[in-house]
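# Fold and contact review
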Amino acid sequence: MTIGKNKRHDSSPTHVNGKSIFVDDRPTLQNEIYVQVVGAQCAKGKLQSIDASEALETKGVLGVLTANDFKNNIWGTIVKEQPLLCSDQILYYDEPICLVVAENESIARSAAKLIKVSIKEEEPTFDIQKAIDQKNFCYVATPFLVGDPDSQIAKATHTLKGSFYCGGQEHFYMESQACIAYPMERGQIEVHASSQHPSETQHLVASALGLNYHQVTCVVKRMGGGFGGKESQAAPVAAYAALAAQKFGRPCRIAWDKDEDMAITGKRHPFLNFYEVAFNDEGKILGAKFDLYADVGAYTDLSPSILERAMFHIDGAYYFPDIEVKGTCVKTNTHSNTAFRGFGGPQGTMTIESIIEDIAYTLKKDAFEIRKVNIYQGEDQKTPYEQKVENNQLPKLFNLIETETKYNERRNAINQFNAKRNGKVRGLSVSAVKFGIAFTAKFLNQGNALVNLHLDGTAQVSTGATEMGQGVNSKIAQIVSHALGIDYDDVIVMPTSTEKNHNTSPTAASSGSDINGAAALAACNKIKKRLSILAKKHFLGETFDDVKEIDADTEVEGYKEIIFKDGIVSDLKLKKEIKLKELIGMAYMNRVSLGDYAHFKTDGLGFDKKTGKGKAFNYFTNGVALTEVEIDEYTGELKILTSKIHMDLGRPLNPGIDKGQVTGAFIQGAGWVTTENLFYSPQGKLLSHSPTTYKIPSIQDMPRDFEVNLIENLDLTVNVYGSKAVGEPPFLLGQSVWMAAKNALAYRANKMPQITSPATNEVILMELERVKG
Ligand code: MTE
Ligand code: QUE
Ligand code: MOS
């Protein structure tokens, strides 16, 4: 039994001894070259000229490539609109303009500084409100509408109207964007990329270079983190390396340093969300209207889907009887924002959680009471897009967090502490998450897997899933070892490659192990069916002469009686058994296939983009977090005293890895809402472009008292082995830190605290000043 066990992360031994191979760890080939990107030094303008003469005179420089060198200079996951290299219009600071190809990295980097680019500058727009006023929209979503929110708002005893702003976030993966492209025979190119989406990388390299898809293979061994930042935006990086490899017929490497990576690549979308909510004396929300604006930056990228996921999560964990949700994508002159853990969900849920703090302030009640009266109850209540909230664990989780953290005692203790007015003020809050699992773009909810069972009883499995630290390889290995009844260590998940798995979806939407795990299980089951027929024959003493190629999809009589466990295949009915290895040998000698391939698609999804209604998600992952913070009233310093999390992951495939995911996601979420602040110069150059100027959480920012618990939930049936996805949902719980900070401010306020996110120490200090009456 390996399912549900704490099997080690498949990379842990090599991560610890330093032998894990990332792209830039691949040994340099003798004839390898390097490609360096040259970026625009203004945020908007028209490209006039590129003077590469000095660079080209440098010893070791092979050439300078521009937009014209691509067969097809355009890309974009949803809308093909973004140039790989600018040829005319520049839309953000540091946008790639040309490539310097040289014998090695240091020559390429110094030669890049000699390129003279002339640009006729235009007036950029950085401010989202200004861009809204200019109607600089690239996508307007079909609104969700349930009931009649207008009349609820008109007749309610209480209403709140306002706007909520949350900032962007740098992915801060440890391994920057990187790729090595190898030219092969017949014009083929093999790229080794750090990409969450090998198929998209394959397709873009092919189209950019004028190749057919079958001439390009993309291999991904692992990433040193992706967090969404390598979903769409790894592809152009691979195209740069591939172009140089094609032009010069030599392997070519690209590996950005942190500063380049941060300046060029997109981040989490800042959102400006407008709202109006109606509620009663109890704090029950009766109706609401939301109008969301996503700051997409220069290009569309994945923004329409991200905006929609924000709309899908504007309800947070709370039921709205009457609601309208609108959403718009707005272009500004920054890097093109992209997928980031939560994919818009956090920007939606943060808004409603903040509003709940405001409702509590307005009614002079504890926000936890407001949350409790509004959470989804039972299994029949519907979301603003009219999907039933089935397998709803929220009421159970709310009970747990209230009793296990002794909520009321904590609140009383905080009241007493704050009454002392000793220069410190504490706050307490609970946040909840109900994260929808599935790609909302239905076609992406499919995957395929290839399983090879070898004669010694070991297996190799290949799927479209990419390992970025989240442990998907371990989970897939667990599924395969469990299904075939072999040791965990007897399964190896092979590097992801588009030659084994075609038309794969990105490893994203937290559904990597859901989709690819299910496909791997289906492939194992096909092999098992064939082996079962053989085993039966063997147990009954029949000959194998008549064994034909067995159609794996047909019902196999007596299949359920055959058990594969601990390397033994036994027949429960005939009470006979055989070693798996022996059976495998028998299969081979009788020409029965020991490998198989399967395709999987998620059943039952049915969201209609045109009406804004339907089953967008396969199921929801739930969780709650309670956080207590302390603010230093003289400096605005924020300390997390306590965070307690209860997460529902169904029957977790690997509780140890999942707890790691919950821990990391929570801290990453807390960083987004507290310390991670993006600064730009007035000209639009990213100033917070390195670890010295951009502050991700450190050990000092961890909760002093930190607990992660998984609840028991045996009732989910719609996902592989009853598990639930974990990757993104707990990110949203990090918001409890911000909510607790806002609650602390309320203790010192004569008017309603109104902070934006991130609530940096400066923001907190200024708000303390503003609200103190
Ligand atoms: N965990 C680690 N260590 N590194 C990552 O890059 N990405 C997150 C999450 N957890 C990430 C991570 C994101 S954005 C997603 S969508 C999921 O992992 C993707 O993997 P899964 O679908 O296999 O859970
Ligand atoms: C969650 C996601 C993604 C998503 C929708 C989600 C995602 C993604 C896409 C997407 C949408 C349209 C396309 C496409 C991809 O949608 O990661 O190629 O044409 O890439 O709810 O994580
Ligand atoms: Mo994750 S943002 O869906 O890659």
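To be clear, the structure that these remarks concern was listed above.
A brief look at the structure comes next.

### Some remarks on the site of ligand 2
Taken together, 16 residues form the shell around ligand 2, and within it Thr-77, Glu-231, Ser-305, Arg-309 and Thr-440 come nearest. At a separation of 2.8 Å, an oxygen atom of ligand 2 approaches a polar side-chain atom of Thr-440. One of the backbone nitrogen or oxygen atoms of Ala-509 is found 3.4 Å away from an oxygen atom of ligand 2. Protein contact buries 90% of the 450 Å² of open area that ligand 2 shows by itself. Taken together, the residues of the shell around ligand 2 sort by class into 11 nonpolar, three polar and two charged.

### A short note on the packing of aromatic side chains
To describe a pair of aromatic rings, one takes the distance between the centres and the angle between the planes. Throughout the structure, instances matching the rule amount to 20 aromatic pairs. On the basis of an interplanar angle of 80° and a centroid distance of 5.9 Å, the ring pair of Phe-274 and Tyr-293 is categorised as edge-to-face. Of the two residues, Phe-274 is situated in strand 16 (residues 271-279) and Tyr-293 in strand 17 (residues 285-297); the sequence distance between them amounts to 19 residues. The exposure class of Phe-274 is partly exposed, given its relative accessible area of 28%. Taking the centre distance of 5.3 Å and the plane angle of 75° together, the rings of Phe-312 and Phe-617 count as edge-to-face. Highlighted residues: Phe-312 in helix 9 (residues 303-312) and Phe-617 in the loop between strand 29 (613-615) and strand 30 (619-632), separated in sequence by 305 residues. For the pair formed by Phe-312 and Phe-617, the shared burial category is buried. Linked through ring pairs, Phe-144, Phe-312, Tyr-385, Phe-607, Phe-617 and Phe-620 together constitute an aromatic cluster.

### Topic: the site of ligand 1
Taken together, 19 residues lie near ligand 1, and Gly-226, Phe-227, Met-468, Gly-512 and Gln-661 sit nearest. In the environment of ligand 1, an oxygen atom lies 3.0 Å from a nitrogen or oxygen atom belonging to the side chain of Gln-470. Taking Gln-661, its side chain carries an N or O atom lying 2.7 Å from a nitrogen atom of ligand 1. In isolation ligand 1 has 520 Å² of accessible area, and contact with the protein removes 92% of it.

### Quick notes on the packing of helix 15 (residues 512-539) against helix 16 (residues 580-589)
The N-to-C vectors of helix 15 and helix 16 enclose an angle of 100°; their axes lie 10 Å apart at closest approach. The angle between helix 15 and helix 16 falls in the class roughly perpendicular. Within the contact between the two elements, helix 15 uses Leu-531, Leu-534, Ala-535 and His-538 and helix 16 uses Leu-580, Leu-583, Met-586 and Ala-587. When the residues that make up the contact of helix 15 with helix 16 are grouped by side-chain class, the tally is seven nonpolar, one polar and no charged.

### A short note on the sheet that holds strand 2 (residues 45-51)
Taken in spatial order, the three strands line up as 6-2-8 in an open sheet, and their pairing is antiparallel. Because the sheet does not close on itself, it has two edges, and the strands there are strand 6 (89-90) and strand 8 (116-121). Pairing analysis gives six bridges linking strand 2 to strand 8, with the strands arranged antiparallel. Bridge pairing links Gly-45 to Glu-121 in strand 8.

### Focus on the nonpolar core
Across soluble globular proteins, nonpolar side chains show a tendency to be buried alongside one another. Among the nonpolar cores identified, the biggest contains 99 residues, and Phe-290, Tyr-318 and Ile-359 are the most heavily contacted of them. Listed in part, the 45 residues of the second largest apolar core include Leu-65, Trp-75, Ala-181 and Leu-209.

### Structural notes on the pairing of strand 30
With 14 of 14 residues buried, strand 30 lies mostly within the body of the structure. Residues Tyr-619, Thr-621, Gly-623, Ala-625, Thr-627, Val-629 and Ile-631 of strand 30 are buried on one face, and the alternating residues Phe-620, Asn-622, Val-624, Leu-626, Glu-628, Glu-630 and Asp-632, pointing to the opposite face, are buried as well. Alignment of strand 19 (residues 424-437) against strand 30, held across 14 bridges, turns out to be antiparallel. Bridging from a neighbouring strand, Ile-437 pairs with Tyr-619 of strand 30. Judged from the 10 bridges that link them, strand 30 and strand 31 (residues 638-648) form a sheet pairing that is antiparallel. What sits directly across from Val-624, in strand 31, is His-646. Hairpin connection of strand 30 to strand 31: five residues between the antiparallel strands, including Gly-636 at a positive phi of 80°.

### Describing unusual backbone geometry
Geometrically, the link from Ser-757 to Pro-758 is a cis peptide bond, its omega value of 5° lying close to zero. Structurally, the position occupied by Pro-758 is in the loop between helix 18 (735-747) and helix 19 (761-771). At Ser-510, a residue that is not glycine, the phi angle is positive and equals roughly 60°. Among the secondary structure elements, Ser-510 is positioned in the loop between strand 23 (496-497) and helix 15. Overall, Ser-510 belongs to the buried group, its relative accessible area being 14%.

### Focus on the state of the cysteines
Enumeration over the complete set of coordinates arrives at zero disulfides. This cysteine, Cys-252, is not joined by any disulfide, and Cys-179 carries the nearest cysteine sulfur, 8.6 Å off.

### Quick word on a nonpolar patch on the surface
Taken together, the side chains of Leu-455, Tyr-588 and Met-589 present a nonpolar region at the surface, about 360 Å² in accessible area. If you trace the backbone, Met-589 turns up in helix 16.

### A closer look at the sheet that holds strand 26 (residues 576-579)
Pairing in this open sheet of three strands is antiparallel, and the strands run 24-25-26 from one edge to the other. Edge positions in the sheet fall to strand 24 (562-565) and strand 26, since each of these pairs with one other strand and no more. Strand-to-strand twist in this sheet, taken as the mean axis angle between neighbours without regard to direction, amounts to 20°. Summarising the sheet, strand 25 (residues 568-571) and strand 26 pair through four bridges and their orientation is antiparallel.

Calculation rules
Residues numbered from 1 in each chain as written. Chains lettered and ligands numbered in written order. Predicted model: local features only at pLDDT ≥ 70, side-chain atom pairs only at ≥ 80, totals over all residues. Heavy atoms only, no water. Near = heavy atom within 4 Å. Polar contact = N/O pair within 3.5 Å; in protein donor to acceptor, adjacent residues only side chain to side chain. Areas by Shrake-Rupley, 256 points an atom, 1.4 Å probe, with all protein chains shown as cover. Nonpolar A, V, L, I, M, F, W, Y, C, P; charged D, E, K, R; others polar. Phe/Tyr/Trp six-rings, centres within 6.5 Å; stacked < 30°, edge-to-face > 60°. Helix = DSSP H or I, 4+ residues; strand = E, 2+ residues; numbered from the N terminus. Buried < 20%, exposed > 50% of the residue type's maximum accessible area, 1.4 Å probe, protein only. Axes fitted to C-alpha atoms, helices over the stretch in contact; angles between N-to-C directions. Parallel < 35°, antiparallel > 145°, perpendicular 65-115°, else oblique. Contact = heavy atoms within 4.5 Å. Pairing = 2+ DSSP bridges. Core = buried A, V, L, I, M, F, W, Y, C linked by side-chain atoms within 4.5 Å. Disulfide = S-S within 2.5 Å. Patch = residues over 30% accessible without salt bridge, like charges linked within 9 Å, V, L, I, M, F, W, Y side chains within 5 Å. Salt bridge = Lys/Arg side-chain N within 4 Å of Asp/Glu carboxyl O.

Geometric values such as these leave the question of function open.
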